[in-house]
Amino acid sequence: MSKIIKIVSFIGLTIAMFMGTLDSTIVNIALPKIMSDFNTGITNVSWVSTIYTLSLAVFMITSSKIADCYGRKKVMLVGLVLFGGFSAASMLSNSLLELIIFRFFQGIGGAIITPIVLPMGIEIFGKENTSKLASAVGAVTALAAAGGPPIGGIILEYASWREVFGINIPLTIISFVIILVWTNESYDESLAGNIDSLGTILLTIGLGGITFGMLEGRQYSWSSSLILSALIGGILALVIFILIERKIKNPLLELNLFREKTLTASSIVYFITGFALVCPMLILNYFLQDVLNYSALTSAFIIMPISLTIMFSMPLGTKLFEKVGAIPVTFAGLFIMAVSLFLLSLIKVNTPKEIMVIFVIINGIGFGFSCVSLVSSVKHLPKNKSGMGSGIVNAARQIGTCLGIALLVTVLDGNVTTAKNNIKQDSLRIINKQSLSKKVKTTSRQELNKLFSTTDSSTISTKKKQKHLKKEIVEAAKSTKSLPIPKSNSNYGKIYQAETKIYYATQTVNNNSTKITDELNIISKENSFISPLFSIMRKINKVSNEISLKQKKVLTAIKLLAQKRELNHVLNQIKSKKNQQISKAFSHTYLLGSLIVLVLSPVALWTDRKEKQ
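Computed from a prediction, not measured in an experiment: that's the story for all the values here. (Residues numbered from 1 in each chain as written. Predicted model: local features only at pLDDT ≥ 70, side-chain atom pairs only at ≥ 80, totals over all residues. Heavy atoms only, no water.)

Okay, the overall build of the chain next. Helices and strands together make up the secondary structure of the chain, namely 22 helices and zero strands. Computed over C-alpha atoms, the radius of gyration of the chain comes to 34 Å, more than 25% over the 25 Å expected from 2.2 N^0.38 for 613 residues, which places it beyond the range of a compact globule. Over its C-alpha atoms, taken along the principal directions, the chain stretches across nearly 135 × 50 × 45 Å. Evaluated residue by residue, the chain yields a buried proportion of 55% over its 613 residues. (Helix = DSSP H or I, 4+ residues; strand = E, 2+ residues; numbered from the N terminus. Rg over C-alpha atoms; globule rule 2.2 N^0.38 Å. Buried < 20%, exposed > 50% of the residue type's maximum accessible area, 1.4 Å probe, protein only.)

Right, here's the structure in full:
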């Protein structure tokens, strides 16, 4: 095989790897659009992302074993057909349920093509280039994972969310043709026997049950029988899976591989990177689009620096890895990621975009360094086990992403629900304290109750209600019934008091004028000389009454203006409270992610060892 053909073959493989990984994050930025299109909430629509990563995690190890047994090239081509076909199906889906089902099967295709790339690359270039190949694969994986939102944002700016899936179709065809024509078949000759179907079923039930329980816990209540059954059943399935795998002749997962501590530790590090990536890719994206109301493209440009940073940090991390080993590089990566998540927790609604970008860049540096764990995971494994090792470590990252989505979205959902309850109570308190008409207060309370009648954390689902609330309050504020008197210490209050004095003085003049006019009327009947004077007084009295009516309208107008200013003050106070509470909800989610990464970061100390002489 010539050098050019080798390079072309590896390009075909990396395209497959890029697609499989890209689809685990590119859809995240499209979730708000999908949510709006199908009229659903965060918890439901997040399954579009979760089901794919869950499918990857569950079937990645299985597909690695099948590929090692029956031929990696054949299995890769099958995976590409599945991935491309169900990408097209996802693009054409007519309901959320259809989309979730198609994403599940697309995920099976992704689970097939993703872990086979590294062992096929080693077969092309040889075992001696394992570190370089793992580094290249890791860079492509990291770039794809981080590049999903910006690529998705650009697509959404010029097309619909459906094209996010449609982009896979031409890439799949290109990859399929290259691999079909220019790559050779390879196997793991040490394997024999049938695939462990029982282990596959148990692993699927275990991961599916735990993820479903964590994601839907707040929706159904943590104490509900459904959630408890899912969590307990998932844990038991995983325990039974481990027990069976230890004794079965041809296990799905060769547990003795975990005796190589570098593989185990590197898999955990890769798990953590997958978990931590959810914060900037999913949680921050919700904040940018749903709280700050940025467009998908603007949000993508804010998140994009992660991808650009990885283009430099991953190669830099690999060079450092070759000089100082994996331990300092992966540990530094996890620590930097923990710091970056803490910095993200400081973001408020008025935080400048430039500051957000800086925080995202720091996250990208940590992510790039942490992904060196992919290189260290297969460094000490035999060549024929590189496929399974790649499957294990890639599955670990997908499980981390899957559980990250489940845990962090659940936490965010709970935080936002708490924030909405606090916003409601603060809003009612503010409205009751202010000088507003009874109708405005009643309307405000009714609309607030409607606005917060659901516990769904989706801000998209409440945008229409927010507009309706403001519209109804403004309409109520136009009513002139039972208008409150402006506060005496306000400018409108002082004007109102002065105008009131003038109004009452005019009323006094009107009353006296009316009496005089009545007397002149009586006199004019006896003395015709007085008749012209009576006519003049009657005109004066009429003009005076008109002035009095206009003064009354002026008083009403002053009350309306005063209420309008008071209402603007109320709405600004409510907006300020809302921003504080929502920012706090997201902040607490980032802090949880930062704490988890920081606590688990010492595992990086076992990602490398000295070669045995």
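Time to look at the environment of Pro115. Here Pro115 is to be found in helix 5 (residues 96-125). You can call Pro115 buried: its relative accessible area is 1%. Counting along the chain gives 69 residues from Pro115 to Ser46, while the straight-line C-alpha distance between them is 24 Å. If sequence neighbours within four positions are ignored, Pro115 has contacts with Met60, Ser63, Ser64, Gly110, Gly387, Ser390, Gly391 and Asn394. (Contact = heavy atoms within 4.5 Å.)

On the surface, a cluster of nonpolar side chains totalling about 540 Å² of accessible area is made up of Phe331, Phe335, Val339, Leu598, Leu605 and Trp606. Element by element, the count of residues in the nonpolar patch is highest for helix 15 (residues 326-344), at three residues. Note on placement: Phe335 falls in helix 15. (Patch = residues over 30% accessible without salt bridge, like charges linked within 9 Å, V, L, I, M, F, W, Y side chains within 5 Å. Areas by Shrake-Rupley, 256 points an atom, 1.4 Å probe, with all protein chains shown as cover. Salt bridge = Lys/Arg side-chain N within 4 Å of Asp/Glu carboxyl O.)

A separate point is the packing of helix 14 (residues 305-324) against helix 16 (residues 353-370). Look at helix 14 against helix 16: their axes get within 7 Å of each other, and the N-to-C directions meet at 35°. The way helix 14 lies across helix 16 gives a crossing that is right-handed. Contacts between helix 14 and helix 16 involve Pro305, Ile306, Thr309, Ile310, Ser313, Met314, Leu316, Gly317 and Leu320 from the first element and Val357, Val360, Ile361, Asn363, Gly364, Ile365, Phe367, Gly368 and Phe369 from the second. Tallied by class, residues from the contact of helix 14 with helix 16 come to 12 nonpolar, six polar and no charged. (Axes fitted to C-alpha atoms, helices over the stretch in contact; angles between N-to-C directions. Left-handed = near helix turned anticlockwise from the far one by under 90°. Nonpolar A, V, L, I, M, F, W, Y, C, P; charged D, E, K, R; others polar.)

This part is about the packing of aromatic side chains. If you walk through the whole model with that rule in mind, you get nine aromatic pairs. Look at Phe86 and Phe105: their rings are 5.1 Å apart centre to centre, the planes differ by 20°, and that puts the pair in the stacked class. Of this pair, Phe86 sits in helix 4 (residues 72-91) while Phe105 is found in helix 5, placing the two residues 19 residues apart along the sequence. For Phe105, a relative accessible area of 33% corresponds to the partly exposed category. Judged by centre distance (6.2 Å) and plane angle (90°), the rings of Trp161 and Phe165 are edge-to-face. With respect to class, Trp161 is no different from Phe165; both count as buried. Through successive ring pairs, a cluster of aromatic residues spans Phe59, Phe86, Phe102, Phe104 and Phe105. The ring of Tyr294 has Lys353 lying over it, and the distance from NZ or CZ to the ring centre is 4.8 Å. Above the face of the Tyr270 ring, Arg397 is positioned so that its terminal group lies 5.9 Å from the ring centre. (Phe/Tyr/Trp six-rings, centres within 6.5 Å; stacked < 30°, edge-to-face > 60°. Lys NZ or Arg CZ within 6 Å of the ring centre and 35° of its normal.)

This part covers the confidence of the model for the chain. Interpretation of the predicted coordinates at a detailed level should be avoided for regions scoring low in pLDDT. Per-residue confidence for the chain gives a mean pLDDT of 85, with 95% of residues at or over 70. The low-confidence segment residues 455-461, where pLDDT is below 50, has 18 contacts with residues more than four positions distant or belonging to other chains. (pLDDT = per-residue confidence, 0-100.)

Positive charge collects at one region of the surface, where Lys348, Lys433, Lys577 and Lys584 lie side by side. Examined against the element boundaries, Lys577 turns out to sit in helix 22 (residues 531-600). With a relative accessible area of 34%, Lys577 lands in the partly exposed category. (Lys, Arg positive; Asp, Glu negative; His and termini not counted. Charge placed at Lys NZ, Arg CZ, Asp CG, Glu CD.)

Turning to the nonpolar core, a few remarks are in order. Residues Ile34, Val48, Met76, Tyr286 and Phe586 are the most contacted members of the largest nonpolar core, which totals 151 residues. At 15 residues, the largest contribution of residues to this core is made by helix 18 (residues 386-433). Sequence-distant contacts of Met76, defined by excluding residues within four places in its chain, comprise Leu13, Ala16, Ile112, Ile113, Ile116, Val117, Met120 and Ile179. By size, the runner-up hydrophobic cluster in this structure holds six residues, among which are Ile210, Met214, Leu231 and Leu403. (Core = buried A, V, L, I, M, F, W, Y, C linked by side-chain atoms within 4.5 Å.)

What follows covers helix 1 (residues 3-22). The first and last C-alpha atoms of helix 1 sit 28 Å apart over 20 residues, in line with the 28 Å expected at 1.5 Å per residue. Here helix 1 has its buried residues at Ser9, Phe10, Gly12, Leu13, Thr14, Ile15, Ala16, Met17, Met19, Gly20, Thr21 and Leu22. (Expected span 1.5 Å × (residues − 1).)

On to unusual backbone geometry. If you check the backbone angles, Asn293 has positive phi at about 60° while not being a glycine. The residue Ser482 is not glycine, and still its phi comes out positive at about 55°. Checked against the element boundaries, Ser482 lands in the loop between helix 20 (460-477) and helix 21 (491-526). Looking at Ser482, the relative accessible area reads 59%, which means it is exposed.

Scanning the entire structure with this criterion turns up zero disulfides. Free cysteine: Cys371, not disulfide-bonded; nearest cysteine sulfur from Cys279 at 15 Å. (Disulfide = S-S within 2.5 Å.)

Tallying each qualifying case throughout the model produces seven salt bridges. Between Asp23 and Arg103 there is a salt bridge whose closest N-O contact spans 3.4 Å. Taken together, the residues Asp23 in the loop between helix 1 and helix 2 (31-37) and Arg103 in helix 5 connect sequence positions 80 residues apart. The burial state of Asp23 is the same as that of Arg103; both residues are buried. Note that Lys478 is salt-bridged to Glu475, the shortest N-O span being 3.3 Å. Since its relative accessible area comes to 54%, Lys478 is described here as exposed. With a relative accessible area of 43%, Glu475 lands in the partly exposed category.

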